[in-house]
Amino acid sequence: MIDFGLAARGMLHVTSGIYKARALEARVKRALGVAAPDERVASDAALAEGRARGGAGRRRNILFVTVDQQRFDALGVTGGKIARTPMLDTLGRDGIVFSRAHVHNVVCMPSRSTMLTGQLPRTHGVIANGIALPDDAPSVADYLRRMAGYRTALIGKAHFEPHLDPLLRCRENRLAAEGSTGPWRGFEHVELATHGPLGGHHYAAWLREHHPREVAGFGGVLTGAAGGDTGAPEVAHNAIPRGLYHTDWIADRTISWLGSLPSDAPFFCWASFPDPHHPFDPPLDEVRRRVDWRDVPLPDGRPATRAKIEAALAKRRAHWRAYWEGSYRNPEGGPITVVPSQLTDDQLREMIAMIHVENELIDDALARIVAALRARGLEDDTDIIYTSDHGELQGDHGLFFKGPYHVDSLLRVPLLWRPARSAAVSPVTIDNAVGNVDLAPTFCAIAGIEPAPWMEGAPLPTSRASARDRAVITTFDSQFAAAGMHLRTIYRDGMLCTMYEPSTRTQGGAFPLYWAIWGRTSTIPRYDGSEGELYDCAADPYQHENLWTDLARKRRRNELLDELRSHLPPLARELPVTAPT
């Protein structure tokens, strides 16, 4: 039996050593005058070009806030009943709530690359985790800077390049070691973080250097290590003071950067929080005073008994029930040591409680950022947009984490937009489907410029009258060649239809060493392309009844499949999977 917690601690020591070596290498290159060309010259030129374009009146500021793996119903304003989220609830009440916001991929890297580029995964090429977004990929941050003179920053989690990178080969992972805070990918300023002290990001380096005693309290992502009061996977009682946890660190660094700007400089600031993605390790003092896991109800989307869970899963494709039973370990969605059917009700409650503590801390952090804007007199001229890169099963269907499961739990995300008060947009809830490919064009619309020609979405509507009925397409492709799953999904008018393309064995990364660990004990279901899923989301809000073979729905299913096939974009760039995640 592999001790994944021990392996994570070993990786931390290795990464720390590599980080020091990369930092030394950067210092030597600078001393010898052989460092890479200073990108700040080009970045400053882009800013000057944008300022020269001018434009009538002052441009609105943009605060873009993202979280990782948060469900659409996590917030009070979107129907949540556990986490207290007064700041986000206020933004929703004063602004626009999109009740049907979908992602175009249900894992991190493709979805985040779509936010940055304004392109669908099959266009920008990052169709799975482990694929690095090319350096020449378009960036909405660069576009805003070049076309409208915006100051730009990304603070927190980026994940445009693989994070399982112990040698820090990816630029994203070695920026801190090189002593760099940008420019990078159109952002003049970057300070990066992920899930704790592992890796080469700015937060991890800061914590290891200034607060080394706090490093050991974090959980290890993808280890499945048992912890907390119930022995729940990836739960850790983290004694770190709240002010040193990455959520507050990101708020601090965001406030600091905003405070460094002239008050008349328009900005695009992306504050990106790594939570509530596992591991579940927020400051223990906050856990004890916020949400008692004993009071947390089991999810409405989880059938009430094991028999009912298994009966519902039996109506689905093979990998659903195989994940529940443990014959398929879901290596592309969570820790492979976790078998959902073996989780106790109390373990589920504790994991969910930790998630909601993290949701509350994010809300508090955002409130601090908004207060800083208000103190500088900038709030009224700042649009705030909040969303997540994908959802979380969180007990629905008896399962946890994410993976090749195209249901609302993973497809739908919170999306709130509080336009600048100077825009005079009335509060509204919009039920029409939108996608996160629409974010980049929306930023352009806020800035008063036309979306870039390479963007594939459209600006988000600001009223019911301007909203239009549309379909949203989501794709999934395995990052492991041995898994070889390919899902294509369309949502339209309350119907969710997924077709399975034939399983493959050569698309994706091989990674024989990693697969020997992550793929062990997994029996991979194979599909011939005839399989699918069909759900009526209005009548079946948790998608428990698969209508794929329902003769009464055959005509509607075929119409959706025809639309899906005709609108599925071709794969524009075939990029290598260079790491498992």
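Please read these numbers as outputs of a predicted model, since none were measured by experiment.

**Q** Whenever I open this one, the overall build of the protein chain confuses me. Can you help?
**A** Looking only at helices and strands, the protein chain features 17 helices and 17 strands. Each principal axis of the C-alpha distribution contributes one length, and for the protein chain these read about 60 × 55 × 50 Å. Residue burial in the protein chain is summarised as follows: out of 581 residues, 62% are buried. Taking all contacts inside the protein chain whose residues are at least 6 apart in sequence as the whole, residues at least 24 apart take part in 76%. The protein chain carries 66 positive and 70 negative side-chain charges, and their two centres are separated by 2 Å.

**Q** Mind showing me how you'd approach the sheet that holds strand β3 (residues 101–102) here?
**A** Whether parallel or antiparallel, the strands of a sheet pair through hydrogen bonds between backbone atoms. What the three strands build is an open sheet, ordered β10-β3-β13; its pairing is mixed. Two strands bound the open sheet, and with one partner strand each, they are β10 (412–413) and β13 (434–435).

**Q** Quick question: what am I supposed to make of the nonpolar core here?
**A** Generally speaking, nonpolar side chains in soluble globular proteins are found buried as a group. Among the nonpolar cores identified, the biggest contains 102 residues, and F98, L144, L154, F268 and F443 are the most heavily contacted of them. Counting residues per element, this core draws most heavily on helix α13 (residues 345–375), which supplies eight residues. Those residues in contact with F98 that sit more than four places away from it in its chain are L415, W417, I430, V434, L460 and P461. V67, V215, V370 and L416 belong to the second largest nonpolar core, which has 38 residues in total.

**Q** Before we go on, may I ask you to explain the sheet that holds strand β4 (residues 151–156) in this structure?
**A** Read from one edge to the other, the open sheet built from eight strands follows the order β5-β4-β8-β1-β9-β11-β2-β12, with strand pairing classed as mixed. Both edges of this open sheet fall to β5 (189–192) and β12 (428–430), since each of them pairs with a single strand only. Sheet twist, expressed as the mean angle between neighbouring strand axes with direction ignored, is 10°. Here β4 runs beside β5; their pairing, made up of four bridges, is parallel. Note on β5: the bridge partner recorded for L154 is V190. Where α13 meets the sheet, it contacts β1 (61–68), β8 (267–276) and β9 (382–388), and its direction lies at approximately 160° from that of β8.

**Q** Help me out: how do you make sense of the environment of P266 in this one?
**A** If you trace the backbone, P266 turns up in the loop between α9 (246–259) and β8. When near neighbours in sequence (up to four residues on either side) are disregarded, P266 contacts R58, R59, N61, A148, G149, Y150 and R151.

**Q** In this structure, what is going on with the environment of T504? I would like to understand it.
**A** Relative to the helices and strands, T504 resides in the loop between β16 (495–500) and α16 (512–518). Judged by relative accessible area, T504 falls into the buried class, the value being 14%. Taking the C-alpha atoms as reference points, T504 and A482, 22 residues apart in sequence, are found 7.9 Å from one another. Contacts of T504, omitting those with residues within four sequence positions, involve A481, G484, H486 and R526.

Cut-offs and rules
Residues numbered from 1 in each chain as written. Predicted model: local features only at pLDDT ≥ 70, side-chain atom pairs only at ≥ 80, totals over all residues. Heavy atoms only, no water. Helix = DSSP H or I, 4+ residues; strand = E, 2+ residues; numbered from the N terminus. Buried < 20%, exposed > 50% of the residue type's maximum accessible area, 1.4 Å probe, protein only. Contact = heavy atoms within 4.5 Å. Lys, Arg positive; Asp, Glu negative; His and termini not counted. Charge placed at Lys NZ, Arg CZ, Asp CG, Glu CD. Pairing = 2+ DSSP bridges. Core = buried A, V, L, I, M, F, W, Y, C linked by side-chain atoms within 4.5 Å. Axes fitted to C-alpha atoms, helices over the stretch in contact; angles between N-to-C directions.

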